[in-house]
Amino acid sequence: MSRRNKVQENLFNLVLEIDDICTKYDVEYYLAGGTALGTVRNHRFLPWDDDVDLAIPVNQIEKAK
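This text gives an overview of the structure that appears in the document. (Residues numbered from 1 in each chain as written. Predicted model: local features only at pLDDT ≥ 70, side-chain atom pairs only at ≥ 80, totals over all residues. Heavy atoms only, no water.)

**Looking at the overall build of the chain**
Basically, it comes down to this: Secondary structure elements are defined from DSSP: runs of H or I of at least 4 residues count as helices, runs of E of at least 2 residues count as strands, and each element is numbered from the N terminus. Exposure classes here rest on a 1.4 Å probe applied to the protein chains alone. A residue is buried below 20% of its type maximum, exposed above 50%, and partly exposed in between. Contact definition: two residues touch when any of their heavy atoms are within 4.5 Å. All accessible-area figures derive from a Shrake-Rupley calculation using a 1.4 Å probe, and residue coverage is judged against the displayed protein chains alone. We count Lys and Arg on the positive side and Asp and Glu on the negative side, and we leave His and both chain ends out. Charge coordinates come from a single atom per side chain, which is NZ of Lys, CZ of Arg, CG of Asp or CD of Glu.
Scanning the chain from terminus to terminus reveals three helices and two strands. Secondary structure elements of the chain, listed N to C terminal, follow the sequence α-β-α-β-α. Principal axes of the C-alpha set define a box for the chain whose edges measure 40 × 20 × 15 Å. Counting only residues that meet the buried cut, the chain has 18% of its 65 residues in that class. Relative to all contacts within the chain whose residues are 6 or more apart in sequence, the contacts with residues 24 or more apart total 54%. On the chain, roughly 5000 Å² of surface is accessible, and the fraction owed to carbon and sulfur atoms is 59%. With 8 positive and 11 negative side-chain charges, the chain shows a spacing of 5 Å between the two charge centroids.

What follows is the structure, encoded as structure tokens:
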């Protein structure tokens, strides 16, 4: 049985795409909020989480546009 539900599976795939784009354009980003908490504490999404929290430092915003 998967440890992620369908929403979380789609979010995970979205984060992979965002990571590819940020890597290509050398944009720093960080997991934040419940996404970071779940990653550190649970090594996965929190069971009730249905979103992804990402942060981009202010000095990276122009590269992210």
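**A closer look at the pattern of salt bridges**
When charged atoms on two side chains of opposite charge get close, those side chains can pair. Using the following cut-off: Whenever a carboxyl oxygen of Asp or Glu lies within 4 Å of a side-chain nitrogen of Lys or Arg, that contact is scored as a salt bridge.
Applying the stated rule across the entire model yields two salt bridges. Between K63 and D26 there is a salt bridge, and its shortest N-O distance comes to 3.6 Å. You can see K63 sitting in helix α3 (residues 61-64) and its partner D26 sitting in the loop between α1 (6-24) and β1 (30-31), a full 37 residues away along the chain. Residue classification places K63 among the partly exposed positions, given a relative accessible area of 39%.

**Remarks on the environment of N42**
Our working definition: Any N or O atom pair separated by 3.5 Å or less is treated as a polar contact, with the protein-specific requirement of one donor-capable and one acceptor-capable atom, and with residues adjacent in sequence counted only for side-chain atom pairs.
As for its placement among the helices and strands, N42 is situated in helix α2 (residues 33-42). Among all residues touching N42, those that are not within four sequence positions of it are R3, L37 and P47. Here the side chain of N42 touches R41 through a polar contact of 3.0 Å, side chain to side chain.

**Quick notes on the environment of A64**
One can find A64 in helix α3. Overall, A64 belongs to the partly exposed group, its relative accessible area being 40%. Each C-alpha atom, one on A64 and one on E9, is 24 Å from the other, the two residues being 55 residues apart in sequence. Excluding residues within four positions of it along the chain, A64 makes contact with V27 and I56.

**Things to note about α1**
Basically, it comes down to this: Here, expected helix span is obtained from the residue count minus one, scaled by 1.5 Å. This arc describes the spread of directions from the helix axis toward the C-beta atoms.
Between its first and last C-alpha atoms α1 spans 27 Å; for 19 residues at 1.5 Å apiece the expected length is 27 Å, and the two agree. Regarding α1, the residues found buried are Q8, L11, V15 and C22. Take α1 and look down its axis: the buried residues cluster within an arc of 55°, on one side only. Every exposed residue of α1 that faces more than 90 degrees away from the buried side is listed here: K6, E17, D20 and K24. Sitting at the head of α1, N5 places a side-chain oxygen 3.0 Å from the backbone nitrogen of V7. Phi turns positive one or two residues past the end of α1, at D26, with a value near 55°.

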